[in-house]
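Observations on chain architecture
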Amino acid sequence: MIDLKGYGPALMDGAVVTIELAFLSLALAVILGLIGASAKLSKSRVAIGVATTYTTLIRGVPDLVMMLLFYYGGQVAVNNLSDYLYDAYSVDFFFQFDPFIAGVLTIGLIFGAYMAETFRGAFLAVESGQIEAARAYGFTQWRTFHRIIFPQMLRHALPGIGNNWQVLLKTTALVSIIGLTDMVRVAEEAAKAERMPFHFFIPVAFVYLSLTAGSELFIKWLTKRANVGVVQGS
Amino acid sequence: MPDFIAELLNRNDIFTASTIMEYWGGMVTTVQLVFLSLILGLVLAVPLAIMRTSKNPLINGPVWFYTYIFRGTPLLIQLYIIYYGLAQIEGIQQTFWWDIFREAFYPALLAFTLNTAAYTTEIIRGAIVATPSGEIEAAKAYGMSWALRMRRIILPSAARRGVQAYSNEVIFMLHASAIASVVTLVDLTGAARNIYSRFYAPFDAFIFVALLYMALTFLLVFGFRKLENYLLQHQRPVSG
């Protein structure tokens, strides 16, 4: 076993932070993606405009810049809000905008835009006859969505979701820059203190590698399951 | 600089001539870094992709391993390993390499080049593998050698299939280059971070730089659309 110079537990905690961050961001991204995709496919021009602006803005700006904006800007916004509340209503309200929240918000928002594109394509891939049939049976809109559309779109969305997840996982490394003690941050501090960069970064790289490799296998299994009953052309 | 612009800048607290020049300096660094790493990455990726399609496991195995490692780990870790790691190599400080790698620019360039080369290799490999077998058979029937077939038939048609995925990679690289600012490089993001900390004005500093990145991104998207039109002009409908 490698000697981690007493940084082992800290690295483990960091790895847990990374995984928590990744799953929470994924949840936010899926929700935003579903909303974004429905907005893009709706008939309302306002909704289409808002969703298109959202996905275009996100694709034009680097994740790190967005994260810095959210983290530093978020704190300033909270400070202003608390000043205002104190002056106007003498309410004492303050909280520290922490890097974890900033990280989840930014990563969720960024991948929400990519998920929106994935889900839009998947929605469109569901045959309209299926939806018409559901309507003819008197299904409500929600019921049509969760009984008919969602199970069928999942099959088309899974490869895209898988790709987004892999990129998301690697993007979580960026939160170390805004000061969250994830495993990259711990490794960086340890590497500087002990002057052994390879010693600490390579195990962390290996953790990321096993996370991405493990996800790849899991997504493959999910895709196989979702495609049960689909006759594949040879 | 025309007087009226100077006048305008003097009346602004944050966006004075000197901060604008700082952003400009950052833009130059970002563009250099991204452009050089993309060119070098592409040059590396073409032979690697050809090796990756080889049936000999001794040839395609190492390339697969390289792309797997570089695509499976975050670029930030790769940058840290190269930036902090190069200085730790025994005896490097006595060689001429140290003059090069002492500055943050070259370790960053090396990390970005290796990363984009890995992604580009897989893009080109995908495009090569998708070559219709008829095209290759026809080339063989004409008596073309392997090298000629590669140069005249497979690579040009792979370029057409790969250009769309490659344009995504280029934009990804532009955005990923923002992390160069963590190894003391003053690129666009680095300039924005300096200006933020000087004025404590996160919205001004970061929204402005976000707009600059957006402008660069859309310029690239526009450029690639033109390139795609050029490469795929044989598919354009005749009428219209």
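Residues numbered from 1 in each chain as written. Chains lettered and ligands numbered in written order. Predicted model: local features only at pLDDT ≥ 70, side-chain atom pairs only at ≥ 80, totals over all residues.

1. Overview of the overall build of chain B
Summing up its helical and strand segments, chain B has 10 helices and 0 strands in all. Reading the secondary structure of chain B in the N-to-C direction produces α-α-α-α-α-α-α-α-α-α. A compact globule built from 240 residues would reach a C-alpha radius of gyration of about 18 Å, whereas chain B, at 22 Å, exceeds it by more than 25%. Expressed along its principal axes, the backbone C-alpha trace of chain B runs to roughly 70 × 65 × 30 Å. Taken across its 240 residues, chain B has 35% of its residues classed as buried. If you take every contact in chain B between residues at least 6 apart in sequence, the share linking residues at least 24 apart comes to 75%. (Helix = DSSP H or I, 4+ residues; strand = E, 2+ residues; numbered from the N terminus. Rg over C-alpha atoms; globule rule 2.2 N^0.38 Å. Buried ≥ 20, exposed ≤ 12 C-beta atoms within 10 Å, placed from the backbone. Contact = placed C-beta atoms within 7 Å.)

2. A closer look at the overall build of chain A
Of regular secondary structure, chain A possesses 8 helices and 0 strands. When the helices and strands of chain A are listed from N to C terminus, the series reads α-α-α-α-α-α-α-α. Overall, chain A is about 65 × 60 × 30 Å in size when its C-alpha atoms are taken along their principal axes. In chain A, which comprises 234 residues, the proportion classed as buried is 36%. Of the contacts formed within chain A by residues at least 6 apart in sequence, a portion of 76% connects residues at least 24 apart.

3. Some details on the environment of Thr19(B)
Residues and elements named next belong to chain B. In this structure, Thr 19 sits in helix α2 (residues 17-52). Considering only alpha carbons, one finds Thr 19 and Ala 191, 172 residues apart in sequence, at a separation of 8.4 Å. With residues near it in sequence (within four places) discarded, Thr 19 still touches Ile 14 and Ile 195.

4. Some remarks on the nonpolar core
One finds Val65(A), Ala187(A), Val204(A) and Ile77(B) to be the most contacted residues of the largest nonpolar core, which totals 114 residues. With 13 residues, helix α4 (residues 99-125) of chain A is the largest single contributor of residues to this core. Leave out the neighbours within four places in its chain, and Val65(A) touches Ala178(B), Thr189(B), Ala192(B), Phe206(B), Val209(B), Ala210(B) and Tyr213(B). (Core = buried A, V, L, I, M, F, W, Y, C linked by C-beta atoms within 7 Å.)

5. Things to note about the confidence of the model for chain B
Within chain B, residue pLDDT values average 89, and 97% of them lie at 70 or more. Quick note on the complex model: pTM equals 0.88, ipTM equals 0.87. (pLDDT = per-residue confidence, 0-100.)

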